[in-house]
Amino acid sequence: MIVGLFFLSFMVDRKGSVVGLDTGNKAPVFQAALMDGTAFNLEDLKGKMILLNFWASYDAQSRMNNYHLLDLLKHYEQKAFISGKELIVVSISLDRFKAPLKLAIEQDQTMRFRHICDFMGANSSISKMYNIEEPVNILIDGEGRIIIKDVKYSKIEKSLAYLSAI
């Protein structure tokens, strides 16, 4: 019940949303190049559920979480949500070296994610924009609002389950 009221509380005033990093705020929009060279604009994903996965190939917990994230993607990628359809994973690496990052992507089989890395670590413009210094996940709804920011995939999954059940 409390979770339902929480989600509804920031969904009522859609026009008054402020850009920020708190739950209910509009997520800051950014443009970058994907690792394959393709141009990426977060705004182009409007209408979709987006999971920004800030991670690092050298971080053991991030690597283990990639397997959980793959399961989430398999289960929710084609689902309809209260404010969006289809789950998209945008993987933003905090790495500084290309070889270990590419190896981790291959080993963890996360090629379906949209990978971004400028090899500046926590000093990258996206990390600074989102005030990220260590791995974390940010779930954004189809209207660009932050639903939850957490390291634990169990909390992300609960949010996805709730928003797909309505």
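Scroll up to find the structure this text is about.
Residues numbered from 1 in each chain as written. Predicted model: local features only at pLDDT ≥ 70, side-chain atom pairs only at ≥ 80, totals over all residues. Heavy atoms only, no water.

Caption draft 1: Region of the structure containing the layout of surface pockets. Of the volumes computed, that of the largest pocket is approximately 240 Å³. In terms of residue count, the dominant contributor to the lining of the largest pocket is helix 3 (residues 98-108) (4 residues). Residue composition of the lining of the largest pocket, grouped by class: 5 nonpolar, 1 polar and 5 charged. The calculated volume of the second largest pocket comes to roughly 200 Å³. Lining the second largest pocket are 15 residues, with Val29, Glu43, Lys46, Glu143 and Gly144 positioned closest to its centre. Among the residues forming the lining of the second largest pocket, the class breakdown is 6 nonpolar, 3 polar and 6 charged. (1 Å grid on protein atoms, 1.4 Å probe; cavity = no way out; pocket = protein on both sides within 12 Å on 5 of 7 lines; lining within 4 Å. Points joined across faces, edges and corners; volume = space filled by probe spheres on them. Helix = DSSP H or I, 4+ residues; strand = E, 2+ residues; numbered from the N terminus. Nonpolar A, V, L, I, M, F, W, Y, C, P; charged D, E, K, R; others polar.)

Caption draft 2: Broad picture of helix 3. When helix 3 is considered as a whole, its buried residues turn out to be Leu101, Ala104, Ile105 and Asp108. Projection of helix 3 onto a plane perpendicular to its axis shows the buried side chains occupying an angular sector of 100°, all on one side. Within helix 3, the exposed residues directed more than 90 degrees away from the buried face are Ala99 and Glu106. Those residues of helix 3 hidden inside the fold are in contact with strand 3 (49-55), helix 2 (60-76), strand 6 (87-93) and strand 7 (114-116). Looking at the residues trailing helix 3, positive phi occurs at Gln109, about 55°. (Buried < 20%, exposed > 50% of the residue type's maximum accessible area, 1.4 Å probe, protein only. Arc of directions from axis to C-beta. Contact = heavy atoms within 4.5 Å.)

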